[in-house]
Amino acid sequence: MFKVASYLLITVILTIFLLPFFYTVSPYQLDPSKILEAPSLTHLFGTDRLGRDMLARVLQGGQTSLIIGFLAASISSILGLVIGITAGYFKGNTDRTITIVIDLFLTFPTFFLLLALVSYIQASSLILIIVISITGWMGMSRLIRSESFAISNKPYIKILKLSKVSTFKIIFKYFAPILAPIFLISFTFGVGGSILAESGLSFLGLGINAPQMSWGSLLSDGKAVIDIAWWVSFFPGLMIFLITFCLIQISDYLQSLANSKEMIKN
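Notes on the structure follow. It should be emphasised that the depicted structure is a prediction, and the values quoted were computed from it without experimental measurement.

### Comments concerning the overall build of the chain
Next, step 1: Across its full length, the chain carries 10 helices and zero strands.
Next, step 2: Put simply, the chain runs from its N terminus to its C terminus through helices and strands in the order α-α-α-α-α-α-α-α-α-α.
Next, step 3: Reported as C-alpha extents along the three principal axes, the dimensions of the chain are approximately 75 × 40 × 30 Å.
Next, step 4: Buried residues in the chain amount to 41% of all 266 residues.
Next, step 5: In the chain, once contacts between residues fewer than 6 apart in sequence are set aside, the share between residues at least 24 apart is 72%.
Next, step 6: Summing over all exposed atoms, the chain offers an accessible surface of approximately 14,200 Å²; the carbon and sulfur share of this is 70%.
Next, step 7: Across the chain, the 18 positively charged side chains and the 12 negatively charged ones have centroids separated by 19 Å.

Here's what the structure looks like:
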């Protein structure tokens, strides 16, 4: 399943970013004579209620969703990594302060916090990346904090601290190799979560707005005609499902791999 998910994920991503160079139909081109045409050889994914080609729109929207998902997950993962290591390494008042901040953020359900933030801000790709990033770092930071706490209690780390070895060197030489699998697993989950968050906000009309498009906004466009034109919502929804399914399968495999290595060490 890991291999299947990996190949499928790579195939979907390459298709979304490379196919537009060969499939040159404009996602914005209106054609009143082809409104809500079913999938055919002419329009593989059919057309929407304005006669626009759905395949071109799914490809264009996919680029937006994937870029937001990967960038938001990258920023939130790095933020969580830095905060988690800081809390676990320095301990004491630093750890207590960071723990209070994490608990404060976790008090509010993440999606409702997203809704609250974007309700007062004009949404755009950049704004969504920032908002999703600042609401998605807590899980990573808790995991990293817990592991960093355990690492910093090891005898050789205490000896290095007493020997006045620089904090930068200790973290990159001794913390980084141990924390890398946790970071990778959380990042993979984070990408899927970020794509779902963007899609949910755009579906509700609080995310990407016309003329830009994402898979979430395409889903929202299709809900009004889902009874007579299933394909308008089906194909963007299918892309969201495929990407998140592949990412979850890859994350599960990486987690089981990390757990098995931990068992062997023990």
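### Describing the packing of helix 1 (residues 2-18) against helix 2 (residues 54-90)
Next, step 1: Two numbers describe how helix 1 lies on helix 2: the axes approach to 8 Å, and their chain directions differ by 120°. What the angle tells us is that helix 1 and helix 2 run oblique. For the pair helix 1 and helix 2, the sense of crossing is left-handed. Residues Ile-13, Thr-15, Ile-16 and Phe-17 of helix 1 pack against Leu-59, Gly-62, Gln-63, Leu-66, Ile-67 and Phe-70 of helix 2.
Next, step 2: Taken together, the residues of the contact of helix 1 with helix 2 break down into seven nonpolar, three polar and no charged.

The rules behind each value
- Residues numbered from 1 in each chain as written.
- Predicted model: local features only at pLDDT ≥ 70, side-chain atom pairs only at ≥ 80, totals over all residues.
- Heavy atoms only, no water.
- Helix = DSSP H or I, 4+ residues; strand = E, 2+ residues; numbered from the N terminus.
- Buried < 20%, exposed > 50% of the residue type's maximum accessible area, 1.4 Å probe, protein only.
- Contact = heavy atoms within 4.5 Å.
- Areas by Shrake-Rupley, 256 points an atom, 1.4 Å probe, with all protein chains shown as cover.
- Lys, Arg positive; Asp, Glu negative; His and termini not counted.
- Charge placed at Lys NZ, Arg CZ, Asp CG, Glu CD.
- Axes fitted to C-alpha atoms, helices over the stretch in contact; angles between N-to-C directions.
- Parallel < 35°, antiparallel > 145°, perpendicular 65-115°, else oblique.
- Left-handed = near helix turned anticlockwise from the far one by under 90°.
- Nonpolar A, V, L, I, M, F, W, Y, C, P; charged D, E, K, R; others polar.

That is the geometry; function is a separate question.
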